[in-house]
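# Commentary on secondary and tertiary structure
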Amino acid sequence: MPPREWRRFPAATILISPTRYAHLPGACAHLTEELVKAPRWGWIPDPPPGLWDRLSSGYPATATEGNTARQAIRRCEECQSAMP
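Residues numbered from 1 in each chain as written. Predicted model: local features only at pLDDT ≥ 70, side-chain atom pairs only at ≥ 80, totals over all residues. Heavy atoms only, no water.

### Some details on the overall build of the protein
- Each helix and strand in the protein was counted, giving two helices and seven strands.
- Across the protein, helices and strands are ordered from the amino to the carboxyl terminus as β-β-β-α-β-β-β-β-α.
- Its C-alpha atoms give the protein principal-axis dimensions of roughly 30 × 25 × 20 Å.
- Relative to all contacts within the protein whose residues are 6 or more apart in sequence, the contacts with residues 24 or more apart total 55%. (Helix = DSSP H or I, 4+ residues; strand = E, 2+ residues; numbered from the N terminus. Contact = heavy atoms within 4.5 Å.)

Here you go:
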């Protein structure tokens with residue numbers, strides 16, 4: 001199933017959930033754009049190259065927009081498998 005197109009977030013945006021998971025817009029079936037709102041969520045609209053791959057508890061990704069206190073320490077497996 002191809003990723004669904006989202007309107008508010010560019011495809012490369014890293015979305016950071018309250019449970020510290022990183023997601024990609026439209027890459028997983030359990031997340032819809034309507035759910036991603038501050039202050040529950042944070043996001044990085046223009047992440048540095050390679051951030052998604054480096055993301056871990058030792059290298060967390062910190063939101064730059066939305067709830068900027070959010071940090072992701074793990075990747076959503078469904079989003080990871082949707083990566084080209």
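Having seen it, we continue.
### Topic: unusual backbone geometry
- Here the residue pair Ala38 and Pro39 is connected by a cis peptide bond, since its omega of 10 degrees sits within 30 degrees of zero.
- For Pro39, the position within the fold is in the loop between β2 (21-23) and β3 (42-44).
- Unlike most non-glycine residues, Arg20 shows phi in positive territory, near 75 degrees.
- Here Arg20 is to be found in the loop between β1 (14-16) and β2.

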